Amino acid sequence: MSEQKNLLEVKNLKQHFDVPNGFLKSLKLKAVDDVSFTIKEGETLGLVGESGCGKTTLINLIREPERFMFDGKLKLDGTGRIGYVSQFAAREGEQTVTVLDYLSRDFVALEQQINDVCLEMESAEDMDAVMERYQALLDESDAIDADNHEVNIRRQLHLAELSEKESLALSNLSGGEYKLLQVMKEMLFQPNLLIMDEPDVFLDFENLTSLRDLINHYDGTLLVVTHNRYLLGHCFNQI
């Protein structure tokens, strides 16, 4: 059995910010101070820390390292996207959309892009460029199993005990159910690394157990900020 490769390596990571402190003075705020850890491909890691200790800054560093001037090592292996589930699941405008259509929307959009490129081939002057875009879209479709997206969506809904909700409008969902949709939406796109920032906030116990099942059946790599002892005791390879 081959050894799992390191997907994310963080070593002696430091991020300090200058904070104004009176006339022509500033203080160094240690937002992230000498943090080290490794996540192997396929692992689920729970991230715990007191409020204000730098968890959000650490997440932002991993998601968008080019925005920061930091010290230490931060290496994410591979070129896949990083998925993200925010602590706050603000309701989107299209509340009349059904659950199934909402979770299918990005897959349908990708299918339309592929169809548009096929039509473009009929009159394209630079066929090589069109074929390159076509192959890139096909590769993306294969990577997320887009041809079977409805089957995969229904599997996720069943896992979260939301199967009976698939034909309901988003406006008919509770806040906790809507939060679970955000988790499922990111998981379905199979990112290289999925980061979730306190996905358990405001969930009742029924939805919390659904979140537990979604996490435990997810095949990808997860970094989850949480203080929930139930999730910490049931979901993670390391904390």
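Each remark here, short or long, concerns the structure printed above.
A few points on the structure. Since this is a predicted model, take the numbers as computed values, not measurements. (Residues numbered from 1 in each chain as written. Predicted model: local features only at pLDDT ≥ 70, side-chain atom pairs only at ≥ 80, totals over all residues. Heavy atoms only, no water.)

### Observations regarding the packing of aromatic side chains
Throughout the structure, instances matching the rule amount to three aromatic pairs. Arranged with centres 4.7 Å apart and planes meeting at 40 degrees, the rings of F107 and F189 form a pair that is tilted. Here F107, found in helix α2 (residues 99–121), pairs with F189, found in the loop between α5 (175–188) and β6 (193–197); they are 82 residues apart in sequence, far enough to count as distant. Under the relative-accessibility criterion, F107 is labelled buried at 3%. A cation over a ring is seen here: R63 above Y84, with NZ or CZ 3.8 Å from the ring centre. (Phe/Tyr/Trp six-rings, centres within 6.5 Å; stacked < 30°, edge-to-face > 60°. Helix = DSSP H or I, 4+ residues; strand = E, 2+ residues; numbered from the N terminus. Buried < 20%, exposed > 50% of the residue type's maximum accessible area, 1.4 Å probe, protein only. Lys NZ or Arg CZ within 6 Å of the ring centre and 35° of its normal.)

### Details of the packing of α2 against helix α4 (residues 149–159)
For the pair α2 and α4, the least separation of the axes is 10 Å and the interaxial angle reads 135 degrees. When the interaxial angle is binned, α2 and α4 end up oblique. Here α2 runs over α4; the crossing is right-handed. Within the contact between the two elements, α2 uses V99, L100, L103, S104 and F107 and α4 uses H149, E150, I153, R154 and L157. Here the contact of α2 with α4 is composed, by residue class, of six nonpolar, two polar and two charged. (Axes fitted to C-alpha atoms, helices over the stretch in contact; angles between N-to-C directions. Parallel < 35°, antiparallel > 145°, perpendicular 65-115°, else oblique. Left-handed = near helix turned anticlockwise from the far one by under 90°. Contact = heavy atoms within 4.5 Å. Nonpolar A, V, L, I, M, F, W, Y, C, P; charged D, E, K, R; others polar.)

Worth remembering: the numbers are spatial, not functional.
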